[in-house]
Amino acid sequence: MNQEELNNKLLEIKDKLIDIEQKANKRIFLPCEAENTYAVNKFLFEDVPLRFVIATGIDSDDYFEILYHYSNDETGCVVTVKAFIRDREKPAIESIAPFLPGAEWIEREIHDLLGIDFKNHPNLRRLILSDDWPEGVYPLRKETKK
Amino acid sequence: MKETVKKPVLAVGPFHPLQEEMEFYQLTLDGEKVVDIDVRISYNHRGMEGISETLQFDQVPFLVSRVCGICSASHPLAYINAVEEIAGITAPERAQYIRVIINELERIHSHMLWVGLAGHFIGYDTVFMWAWKYREPVLDLLEEITGNRNNYGNVKVGGCREDIPNELIPKMLKDLDKLDKKTWMLTKAVLDDPIIHARLKGVGILTKQAAIDYAVTGPTARGSGIAIDVRRDDPYAAYADLDWNVISQPEGDVFAKAVVRLLEVLEAVKIIKQALKKLPDGPIAIEVKEIPPGEGCGRAEAPRGETFHYVRSDGGNRPVRHKIRAPSYVNVPSFKASCLGGHIADVTITLAAVDPCYSCTERLAVVDGHNNIIHNYESLHQLSCEKTARIKKEIGAPEWKLEDI
Amino acid sequence: MSWKIKALKKSPWVFHVNVGACNNCDIEIVNCLTPRYDVERFGIKLVGSPRHADALLVTGVGTMQAAIRLREVYRQTSKPCVVFLIGACPCGTGIFSQGYHVAGPVDKIIREVDPNAIIAYVPGCPPKPEAMISGIVKTLAAL
């Protein structure tokens with residue numbers, strides 16, 4: 001599908017997004033709230049469809065962000081969903097692994113490094129930290145880095 | 001049928017000489033069929049993304065070059081693509097061509113490495129020795145240009161650090177002609193061998209749907225009929241100016257992936273020759289004073305697949321966040337789809353077929369229900385070699401004639 | 001010198017351990033077996049178990065997860081043995097010194113198990129096969 005078709009397709013979920021941002025040539029960002037990301041991700045992966053690349057977890061002081069990156073290989077466009085998790089005490093978001101097996105590992109990794117809970121994840125065990133790494137210490141959180 | 005009484009589980013790893021990296025696989029067997037598979041990584045987790053935030057933008061390429069030894073040109077290039085996107089700059093043309101040449105040379109020696117290892121895993125040590133012998137001239141060439149056989153350190157934000165002297169080009173073209181001949185010879189020998197056909201065809205099949213669900217990339221995807229390639233889909237460096245083909249095969253088995261990799265080596269030689277002949281004159285870098293606030297997504301086609309880097313800047317000297325996604329991170333978990341239902345003797349070659357790079361990912365054991373090791377890596381490798389020997393007996397071993405060019 | 005060390009010098013069997021390496025050094029080690037360098041003609045052989053080894057070739061920075069296993073491997077290696085630290089990473093953590101998952105440098109991990117361990121350092125990133133062979137030969141000559 002070409003760029004115009006992709007842009008039109010994205011308008012179908014505009015009601016679930018905060019905005020549609022065109023950052024650079026072939027780079028689109030879709031900020032949205034955590035509760036809507038499951039539906040947005042499902043739409044991008046199954047209906048558009050786009051190829052899942054990876055997810056990035058970020059500690060942004062007042063909130064957490066999870067960026068889900070997708071690629072439209074026909075045009076080389078990268079579409080990134082930017083999910084805002086506002087609850088810093090008990091950060092949680094719906095897992096997308098049930099329909100996207102390729103996201104299973106990265107959600108486990110974000111859970112290890114940032115302590116975000118992925119609800120309904122099929123296998124939320126430790127992935128990349130050592131067996132003797134202390135519970136409750138999240139290396140990529142700002143308070144840990146200080 | 002899964003019983004509640006624990007089935008024998010096979011442990012592969014965490015150390016073995018030719019499986020260089022550490023990973024701890026657990027396979028559950030039903031007789032000789034694999035019914036479940038899990039892996040414990042973490043042995044290679046060095047916390048690179050965290051370290052990246054402590055370094056300045058121009059120091060990071062040296063760090064990410066060491067994410068993985070054989071994708072060591074692709075990671076810095078993907079990172080630099082992301083940072084150049086944030087800064088809105090384009091490196092000079094000569095630098096773009098040099099980036100192509102170095103990355104394609106790396107692709108050649110990485111694929112040859114895989115061909116050798118694959119040969120070893122099925123008991124064809126001749127393939128191993130010949131493929132690694134043919135790799136050496138490529139490493140020599142890289143050392144002549146960049147000063148190191150691996151870890152080139154040749155890219156920086158805004159261009160390249162070292163130039164390819166024009167006087168070297170005729171010698172490089174001659175070396176590439178020789179390499180072309182040797183690779184053709186090795187490719188024909190491997191692809192025409194009926195035992196390799198019998199051993200690898202229909203083994204470790206990753207279906208197209210599974211490849212999409214697990215979001216695989218690179219030869220793993222192209223061997224399952226998904227013809228994606230970042231060099232063509234989201235062109236970077238000088239790839240859009242050169243004439244080359246994306247290689248893909250539909251079958252999804254280990255043989256298909258081997259064909260893709262061997263033919264990609266020949267394509268890579270073609271690309272490098274064009275790039276050398278078209279290499280434009282001019283500077284190899286522009287000066288970059290600062291990186292403005294913003295976020296960028298950079299990618300490169302590493303030998304194993306798409307390398308993706310996301311960088312966020314707040315206008316300071318260091319990245320605020322740097323996400324590194326190596327291709328093996330998505331390719332390795334696809335073992336759940338390709339190994340299950342397969343035979344225990346095919347485990348080593350199926351796992352190796354994605355060309356796993358655990359240092360990219362972070363890294364085989366089979367224990368029984370009481371955690372007793374009933375097979376270690378050596379006995380699994382032994383089973384694989386025995387299967388090859390059985391096939392040889394049935395078909396009859398062909399004569400391998402390789403000339404020392 | 002003990003007869004065991006004398007025997008070790010003649011034809012050292014080595015066991016390779018990766019404790020968090022990027023793979024470069026590991027590949028250069030395997031390169032040593034291939035036709036251009038061919039260390040098997042010196043009697044140097046890669047073995048599949050530490051119990052059969054005279055020397056350990058350790059690559060990698062020493063991550064926390066790998067350190068647990070490395071101590072176990074060192075205990076299992078038959079003594080006397082020499083530990084070769086191949087590459088800049090095990091020699092001193094290098095660029096990974098700020099990493100939160102790094103337990104190295106590797107000599108510190110080994111000395112927790114055996115303060116008198118014989119350790120040889122072969123720096124480089126990665127050290128060329130010639131450098132590795134030179135390092136091994138010089139160490140064995142010095143024993």
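Residues numbered from 1 in each chain as written. Chains lettered and ligands numbered in written order. Predicted model: local features only at pLDDT ≥ 70, side-chain atom pairs only at ≥ 80, totals over all residues.

> So what exactly am I meant to see when it comes to the sheet that holds strand S3 (residues 55-59) of chain C here?
By definition, the strands of a sheet pair up through backbone hydrogen bonds, in either a parallel or an antiparallel sense. Residue and element names in this part refer to chain C. With parallel pairing, five strands are arranged side by side in an open sheet as S2-S1-S3-S4-S5. This sheet does not close on itself; its edge strands, each paired only once, are strand S2 (45-46) and strand S5 (118-122). In this structure, strand S1 (residues 13-18) lies alongside S3, joined through five bridges in parallel fashion. Each residue of the ladder has a partner; that of Val 17, found in S3, is Val 58. Across the sheet, helix H5 (residues 106-113) is in contact with S3, strand S4 (82-86) and S5; its angle to S4 comes to roughly 160 degrees. (Pairing = 2+ DSSP bridges. Helix = DSSP H or I, 4+ residues; strand = E, 2+ residues; numbered from the N terminus. Contact = placed C-beta atoms within 7 Å. Axes fitted to C-alpha atoms, helices over the stretch in contact; angles between N-to-C directions.)

> I keep staring at the interface of chain C and chain B and nothing clicks. Help me out?
How big an interface is tends to be reported as the loss of accessible area on association of its parts. Listed per partner, the contact involves 33 residues of chain C and 35 residues of chain B. Listing elements by their share of the side of chain C that touches chain B, those giving two or more residues are S1, helix H2 (24-31) and helix H3 (64-76) of chain C. It is H2(C) that contributes the most residues to the side of chain C that touches chain B, five residues altogether.

> How should I be thinking about the interface of chain C and chain A in this particular structure?
Counting residues at the interface gives five residues for chain C and six residues for chain A. Of the residues belonging to the side of chain C that touches chain A, the class tally is three nonpolar, two polar and no charged. (Nonpolar A, V, L, I, M, F, W, Y, C, P; charged D, E, K, R; others polar.)

> Please explain the packing of helix H4 (residues 93-121) of chain B against helix H5 (residues 125-146) of chain B as it appears in this structure.
Residues and elements named next belong to chain B. With their axes 8 Å apart at the nearest point, H4 and H5 run at an angle of 160 degrees to one another. On the basis of their axis angle, the class for H4 and H5 is roughly antiparallel. The handedness of the crossing between H4 and H5 is left-handed. The residues of H5 that touch H4, namely those facing Ile 102, Leu 105, Ile 108, His 109, Met 112, Leu 113, Val 115, Gly 116, Leu 117, Gly 119 and His 120, are Asp 125, Val 127, Phe 128, Ala 131, Trp 132, Tyr 134, Arg 135, Val 138, Leu 139, Leu 141, Leu 142 and Thr 146. Class assignment for the residues of the contact of H4 with H5 results in 16 nonpolar, five polar and two charged. (Parallel < 35°, antiparallel > 145°, perpendicular 65-115°, else oblique. Left-handed = near helix turned anticlockwise from the far one by under 90°.)

> Mind showing me how you'd approach the domain arrangement of chain B here?
Residue and element names in this part refer to chain B. We note that the domain assignment places domain 1 (9-43 + 330-395) and domain 2 (48-158 + 165-326) within chain B. Contact residues are listed per partner, giving 30 residues for domain 1 and 34 residues for domain 2. Listing elements by their share of the side of domain 1 that touches domain 2, those giving two or more residues are helix H12 (328-331), helix H13 (335-339), helix H14 (347-353), helix H15 (358-361) and helix H16 (377-395). Considering each element in turn, the side of domain 1 that touches domain 2 owes the most residues, nine residues, to H16. (Domains from an automatic or database assignment.)

> What is the right way to read the packing of H4(B) against helix H11 (residues 254-278) of chain B from this model?
Packed helices, taken two at a time, are described by the angle between their axes plus the distance between the axes. Residues and elements named next belong to chain B. Where H4 contacts H11, the two axes come as close as 9 Å, and the packing angle between them is 155 degrees. In terms of orientation, H4 and H11 fall into the roughly antiparallel class. Considering the relative orientation of H4 and H11, their crossing is left-handed. When H4 is examined against H11, the residues Tyr 97, Val 100, Ile 101, Glu 104, Leu 105, Arg 107, Ile 108, His 111, Met 112, Trp 114, Val 115 and Ala 118 are found in contact with a partner set consisting of Ala 258, Arg 261, Leu 262, Glu 264, Val 265, Ala 268, Val 269, Ile 271, Ile 272, Ala 275, Leu 276 and Lys 278. For the contact of H4 with H11, the class distribution of residues is 18 nonpolar, one polar and five charged.

> Explanation requested: H5(C) in the structure shown.
A turn of α-helix holds 3.6 residues, and therefore any two residues three or four places apart point the same way. Residue and element names in this part refer to chain C. Considered for burial, the residues of H5 that qualify are Val 106, Ile 109 and Ile 110. End-on, the buried residues of H5 take up no more than an arc of 95 degrees, which puts them together on one face. Looking at the buried residues of H5, the elements they touch are S3, H3, S4, helix H4 (88-92) and S5. (Buried ≥ 20, exposed ≤ 12 C-beta atoms within 10 Å, placed from the backbone. Arc of directions from axis to C-beta.)

> Quick question: what am I supposed to make of unusual backbone geometry here?
Excluding glycine, residues mostly carry a negative phi; peptide bonds, for their part, are mostly trans. A cis amide bond links C:Lys79 with the next residue in sequence, C:Pro80, at an omega value of 5 degrees. Summarising the element assignment, C:Pro80 is placed in the loop between H3 and S4. At the junction of C:Cys125 and C:Pro126, the peptide bond is cis and its omega measures out at -10 degrees in the coordinates. Inspection of the secondary structure assignment puts C:Pro126 in the loop between S5 and helix H6 (129-142). The phi torsion at A:Asp61 lies on the positive side, around 65 degrees, for a residue other than glycine.

> What exactly am I supposed to notice about the pairing of strand S5 (residues 77-85) of chain A here?
In the case of a regular strand, side chains alternate between the two sheet surfaces. All names here are of chain A. Most of S5 sits inside the fold, with eight of its nine residues counted as buried. Pairing between strand S4 (residues 63-72) and S5: nine bridges, direction antiparallel. Residue pairing in the sheet places His 69 in a bridge with Thr 80 of S5. Between the end of S4 and the start of S5, which pair antiparallel, lie four residues, with Gly 76 showing a positive phi angle near 75 degrees.

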